[in-house]
Amino acid sequence: DDINFTAFPNPTNEILYVVFQDEKSYAITLFNLFGKEALASSSHNGIGSIDVSTLPSGHYWLRINEEMVTFDNAKEGRKLVNKKSYGWGRIIIE
């Protein structure tokens, strides 16, 4: 399944907002062009944000994963977070 989202403003140098068409929980991750994770956050109620002010200027990849929460009853109700479905976008940090 595709994840429909909008990320703005782009370019930015402060806060990047990510708005989704639904109210599921999503993991929001920025990667540099070498594939190294630069920052991570999550969304709640259809909106998320990530403070990019500490990142150097450049191009980054934004990855969105749907967070599927399940409970493992055999492990005394331990919460497991499985990530499925993803979307990608390019973000420019000024």
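Residues numbered from 1 in each chain as written. Predicted model: local features only at pLDDT ≥ 70, side-chain atom pairs only at ≥ 80, totals over all residues. Heavy atoms only, no water.

Enquirer: For the overall build of the protein chain, give the residues involved together with the corresponding values.
Expert: A count of helices and strands for the protein chain gives zero helices and seven strands. Secondary structure elements of the protein chain, listed N to C terminal, follow the sequence β-β-β-β-β-β-β. Looking at the 94 residues of the protein chain, the share that counts as buried comes to 30%. Residue pairs at least 24 apart in sequence account for 54% of intrachain contacts in the protein chain once pairs closer than 6 positions are excluded. Counting only carbon and sulfur atoms, one obtains 47% of the accessible surface of the protein chain, whose full area is about 6100 Å². (Helix = DSSP H or I, 4+ residues; strand = E, 2+ residues; numbered from the N terminus. Buried < 20%, exposed > 50% of the residue type's maximum accessible area, 1.4 Å probe, protein only. Contact = heavy atoms within 4.5 Å. Areas by Shrake-Rupley, 256 points an atom, 1.4 Å probe, with all protein chains shown as cover.)

Enquirer: I'd like a description of the environment of Tyr86, backed by residues and values.
Expert: Within the element layout of this structure, Tyr86 appears in strand S7 (residues 78-93). A C-alpha to C-alpha distance of 9.9 Å links Tyr86 and Ile28, two positions 58 residues apart in sequence. In contact with Tyr86, other than residues within four places in its own chain, are Ile3, Ile64 and Asn65.

Enquirer: Explain the pairing of strand S4 (residues 37-44) to me, and be specific about the residues and the numbers.
Expert: A regular strand places its side chains on the two faces of the sheet in alternate fashion. Here five bridges tie strand S3 (residues 26-31) to S4, and the two strands are oriented antiparallel to one another. Bridge assignment links Phe31 to a residue of S4, and that residue is Glu37. Where S3 folds back onto S4 in an antiparallel hairpin, the turn is made up of five residues, including Gly35, whose phi is positive at roughly 90°. The pairing of S4 with strand S5 (residues 47-51) spans two bridges and is antiparallel. (Pairing = 2+ DSSP bridges.)

Enquirer: Please give an account of the environment of Tyr60 that cites residues and values.
Expert: Within the secondary structure layout, Tyr60 lies in strand S6 (residues 58-72). Looking at Tyr60, the relative accessible area reads 6%, which means it is buried. Distance from Tyr60 to Asn32, taken between C-alpha atoms, is 4.7 Å for residues 28 residues apart in sequence. At 2.8 Å, the side chain of Tyr60 forms a polar contact with the backbone oxygen of Pro56. (Polar contact = N/O pair within 3.5 Å; in protein donor to acceptor, adjacent residues only side chain to side chain.)

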